[in-house]
Amino acid sequence: MMKLRKLFVAVLMLLGTTAMVAQPMQMPPIPVDPAVRIGKLDNGLTYYIRHNEYPEHVANFYIAQRVGSINEEESQRGLAHFLEHMAFNGSEHFKGNGIIEFCRSLGVEFGSDLNAYTSIDQTVYRVCNVPTKRATALDSCLLILKDWSNGLSLEPEEIDKERDVVHNEWRLGEGPSQRMIQRALPKVYPGSKYGVRLPIGLMSVIDSFKPQTLRAYYQKWYRPDNQAIIVVGDVDVDHMEAKIKELFGGIKVPANAPKVVAEAVPDNKEAIYVYEKDKEMQMANVFVMMKHDATKPEEKSSMAYLIQDYVVNVISQMINQRLSEMTQDAACPFFQGFADDSNYLLSRTKDCFELIGIPKEGKEMETLQVLYREAKRAREFGFTATEYERAKADYLSSLEKRYTNRDKRKNDEFGNAYRDHYLSNEPIPPLDVLYQTMQQIAPNIPVQAINQVLPQLITPTDSNLVVMILAQEKEGKVYPTEKDMAAAVAAARAEKLEAYVDNVKDEPLLDVSKIKKGKITKERQNKTFGYKELQLSNGATDILKKTDFKD
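Every residue gets a number counted from 1 within its own chain, in the order that chain's sequence is written. In keeping with the model being predicted, local features are shown solely for residues with a pLDDT of at least 70 and side-chain atom pairs are shown and tallied solely at 80 or more, while totals for entire chains, interfaces and linings include all residues. The side-chain figures draw on all heavy atoms in the structure; neither hydrogens nor water molecules are used.

Asks: Looking at this structure, I do not really get the overall build of the protein chain. What am I missing?
Replies: The secondary structure content of the protein chain amounts to 17 helices and 14 strands. C-alpha atoms define the radius of gyration, and 2.2 Å times the number of residues to the power 0.38 defines the globule rule. The globule rule puts the C-alpha radius of gyration for 551 residues at 24 Å, and the 27 Å found for the protein chain is close to it. With the C-alpha coordinates aligned to their principal axes, the bounding extent of the protein chain is approximately 75 × 70 × 60 Å. Counting only residues that meet the buried cut, the protein chain has 50% of its 551 residues in that class. Carbon and sulfur atoms form 51% of the exposed surface of the protein chain, whose accessible area is close to 27200 Å². Numbering goes from the N terminus for both helices and strands, where a helix is a DSSP run of H or I of at least four residues and a strand is a run of E of at least two. Accessibility here uses a 1.4 Å probe with only protein chains present; expressed as a share of the type maximum, an area under 20% marks a residue as buried, one over 50% as exposed, and anything in between as partly exposed. Residue exposure ignores everything except the shown protein chains as possible cover, and the areas themselves are Shrake-Rupley values with a 1.4 Å probe.

This is the structure in structure tokens:
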């Protein structure tokens, strides 16, 4: 995202640790949770195995792949997604619907626990909530992953049957947002394949490709050096590791196998304005995006990345609070407003600071101007100490809840974390280390450090600015032009702003000194629902129920 070195220097200088600033990139690495066993076979296959007993007696299996529709050539658009469909239509060890039928025999239903997804730069398959009482069933789930890895049948008759299935999915997904996004992407991604690689692809390709073309794509990209096996649940870790080595160790990678190369997203010197409309669109959306470089995967291993994540988290939270407060005024032009810093739309190689507004009828330009104005206000004046104290407290409270419930983390939470670690090197520290580290770091980061980061996120010029509006098309409606959108931004830039005033009262919600003691006048036990009801002398009723769902 932002320039990591600049952020690091700004934070450390304000922390007073100037002795470390001379070599800021030498922060210690983020430790990897020792509870997960991570290994790599000679052919490049990576695996993650973790024993977890919440929920009891079930396990999740995943295969994550560093390939998606961005790897397609123009003549292959849609093959990555089509191949995902074919993974359930016959393989080396499970003929026809064998995978679906076998999983159903275990109580694992297709669609909910047995499924997959294809995105721009990743493809992930899963078999979840598998009962673990039968060890042979778990071995068979690994065999399914092995077939997905390199054993799909891809029979011509099955391919032809699946063409109609993909067509139907395309029709169902061809809603107003999808249509507008398809038209907008080439404009917001000039000079990049991201603008023309939605996973659904082109139906002209789906209708006409030869079976051998699909096989060639499969053999080219589905390789162990592009794959990770993830197993989480009530399993014997040693046994799972041995079976993975046995099943996947013999797969060969061609000597001339092509490497997956990240697709760059060019910067834009001039602002990009895109306005799209559709008759079926129910409510408009206004997007203000300020692009910046994504954090490189190798930089995510440093403790500096935890600081970066915290800073961006509280910045988004404080702007969201301001926008939420504005919606309480009837004169506000939007129903809802949000801010976040994440991927620039579809791309992993470019991030953006983004503000989103859902405008009231005919208020798109006013919403655009207000969103940009509030971003400008934050950039110029920063946040107040009281705003930051609330955001920091919320962050630490949320982290404390995660830590307190650390023994009740579900399999899919771990599975998703290991997927992201493999695909983009997102950290997977022990939760106790994360909790203790941020309990020490966050209270020592002053609001001045947060405010110094804002200019790196919120840009005052047209460079890397992208504004997109998706609106409802109505008869007789007059639509704004790109010039109107640029004029709204220019008007916001020209405004002379004042600092935000945080009207906060630093007093207790309730003065307990004025509360007179009472007594319990009646007590009743509800055995059906397991709660106790108390009648108090002041007329109040208390209902008490103890649960152990979360600690």
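After that view, the rundown keeps rolling.
Asks: What should I look at first to understand a nonpolar patch on the surface in this one?
Replies: The grouping of Leu-509, Leu-510, Val-512 and Ile-515 at the surface amounts to a nonpolar patch, some 490 Å² of accessible area in total. Among the structural elements, Leu-509 can be located in the loop between α17 (482–494) and β12 (520–526). A residue is classified by how much of its surface remains accessible, and Leu-509, at 88% relative accessible area, is exposed. Patches here: salt-bridge-free residues with over 30% relative accessible area, like charges joined within 9 Å, nonpolar side chains (Val, Leu, Ile, Met, Phe, Trp, Tyr) joined within 5 Å. Every case where a carboxyl oxygen of Asp or Glu lies within 4 Å of a side-chain nitrogen of Lys or Arg is listed as a salt bridge.

Asks: How do you make sense of the sheet that holds strand β1 (residues 36–40) when you look at a structure like this?
Replies: Hydrogen bonds along the backbone pair up the strands of a sheet, which may run parallel or antiparallel. A pair of strands is treated as paired once DSSP finds two or more bridges between them. One open sheet holds the six strands; their spatial order is β1-β2-β6-β3-β5-β4, and the pairing between them is mixed. Sheet topology places β1 and β4 (114–118) at the edges, where each strand pairs with a single neighbour. In this sheet, neighbouring strand axes are inclined to one another by 10 degrees on average, regardless of whether the strands run parallel or antiparallel. The pairing of strand β3 (residues 58–65) with strand β6 (residues 227–233) spans seven bridges and is classified as antiparallel. By the bridge assignment for β6, Tyr-62 is matched with Ile-230. To obtain each axis, a line is fitted to C-alpha atoms, and for helices this fit is confined to the stretch in contact; angles are then taken between N-to-C directions over 0 to 180 degrees.

Asks: Please clarify how the sheet that holds strand β14 (residues 541–544) should be interpreted in this entry.
Replies: Read from one edge of the open sheet, three strands run β12-β13-β14, paired in antiparallel fashion. The two strands at the open ends of the sheet, each matched to only one other strand, are β12 and β14. This sheet shows a mean twist of 20 degrees between the axes of neighbouring strands, independent of strand direction. Relative to β14, strand β13 (residues 531–536) runs antiparallel, the two sharing four bridges.

Asks: Honestly, unusual backbone geometry in this entry has me stumped. Any pointers?
Replies: Leave glycine aside and you will find that most residues have negative phi; peptide bonds, for their part, are mostly trans. Going from Tyr-54 to Pro-55, the amide bond is cis rather than trans, its omega being 0 degrees. Mapped onto the elements of the fold, Pro-55 is located in the loop between β2 (46–51) and β3. Unlike most non-glycine residues, His-57 shows phi in positive territory, near 60 degrees. Within the element layout of this structure, His-57 appears in the loop between β2 and β3. By relative accessible area, which is 43% here, His-57 ends up partly exposed. Phi is positive for Leu-345, close to 55 degrees, though the residue is something other than glycine.

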